[in-house]
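This is what each chain is made of:
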Amino acid sequence: FYDTIDLNAEFITFEENNKKDVSAFPNPAKDFINIQYKDIIRINIYNLQGHLVLRQDYNYKNKVHLDLSSLENSIYIMEVITADKTISKLISIIK
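Residues numbered from 1 in each chain as written. Predicted model: local features only at pLDDT ≥ 70, side-chain atom pairs only at ≥ 80, totals over all residues. Heavy atoms only, no water.

## A closer look at the overall build of the chain
Inclusion rule: Secondary structure elements follow DSSP: runs of H or I of four or more residues count as helices, runs of E of two or more count as strands, with numbering from the N terminus. Relative accessibility thresholds used throughout: buried, under 20% of the residue-type maximum; exposed, over 50%; partly exposed, between the two (1.4 Å probe, protein chains only). In this analysis, two residues are considered to be in contact whenever any of their non-hydrogen atoms come within 4.5 Å of each other. Using a 1.4 Å probe, accessible areas were evaluated by the Shrake-Rupley method; residue-level cover was limited to the displayed protein chains.
Tallying secondary structure elements over the chain gives one helix and five strands in all. Counted from the first residue to the last, the chain has its helices and strands arranged as α-β-β-β-β-β. Put simply, the chain has 95 residues, and 39% of those count as buried. Taking all contacts inside the chain whose residues are at least 6 apart in sequence as the whole, residues at least 24 apart take part in 56%. For the chain, the computed accessible surface area is about 5600 Å², with 48% contributed by carbon and sulfur atoms.

## Some details on the pairing of strand S2 (residues 32-46)
For the record, the criterion: At least two bridges found by DSSP between two strands are what make those strands a pair.
The sheet contact formed by strand S1 (residues 23-25) and S2 spans three bridges and is antiparallel. Within S2, the residue paired with alanine 24 across the bridge is isoleucine 35. In this structure, the hairpin formed by S1 and S2 is closed by a connection of six residues. Here S2 runs beside strand S3 (residues 52-67); their pairing, made up of 11 bridges, is antiparallel. In the sheet register, asparagine 44 faces S3, and the bridge partner there is arginine 55. Here S2 folds back onto S3, and the loop between the two strands holds five residues, one of which, glycine 50, carries a positive phi near 90 degrees. Where S2 meets strand S4 (residues 74-82), six bridges bridge the pair, whose relative direction is antiparallel. The residue of S4 that forms the bridge with isoleucine 40 is threonine 82.

## Describing unusual backbone geometry
Residues phenylalanine 25 and proline 26 are joined by a peptide bond in cis, for which omega reads -5 degrees. Along the polypeptide, proline 26 turns up in the loop between S1 and S2. Between asparagine 27 and proline 28 the backbone carries a cis peptide bond, its omega angle lying at 20 degrees. Relative to the elements of secondary structure, proline 28 occurs in the loop between S1 and S2. Its identity is not glycine, yet tyrosine 60 carries a phi of approximately 55 degrees, on the positive side. Along the polypeptide, tyrosine 60 turns up in strand S3. Exposure remark for tyrosine 60: the relative accessible area of 48% places this residue in the partly exposed category.

## Focus: the pattern of salt bridges
To be explicit about the condition: Here, a salt bridge means any side-chain nitrogen of Lys or Arg that lies within 4 Å of a carboxyl oxygen of Asp or Glu.
Across all of its chains, the model carries three salt bridges by this definition. Here aspartate 57 makes a salt bridge to arginine 55, at a shortest N to O gap of 3.6 Å.

## Here we look at the nonpolar core
Just so we agree on the cut-off: What makes a nonpolar core is a set of buried Ala, Val, Leu, Ile, Met, Phe, Trp, Tyr and Cys residues whose side-chain atoms join them at distances within 4.5 Å.
Counting 21 residues, the largest nonpolar core has Ile35, Ile43, Ile45, Leu66, Leu68 and Met78 as its most contacted members. Breaking this core down by element, the ones donating at least two residues are S2, S3, S4 and strand S5 (86-93). For this core, the leading source of residues is S2, giving six residues.

Set out below in structure tokens:
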């Protein structure tokens, strides 16, 4: 299944303004990424065409180890959905 998002300048600006809120490492990543933020409910990963390529649900986690091994080398938009906000961040995968 594919969901899409609008990749306009406002969306990228949103990501830039919020990138310090979420700790995501290593970035660039190879097969996994660790994400730290309070009350993580879901993480969505979108390719640069705006298609949802990975979705993982959580139960209010503060630390997440997300498996990225199924994704190709590229830049992706990671959307971290928490109990009170949604934060977007660019991540890179280099294998």
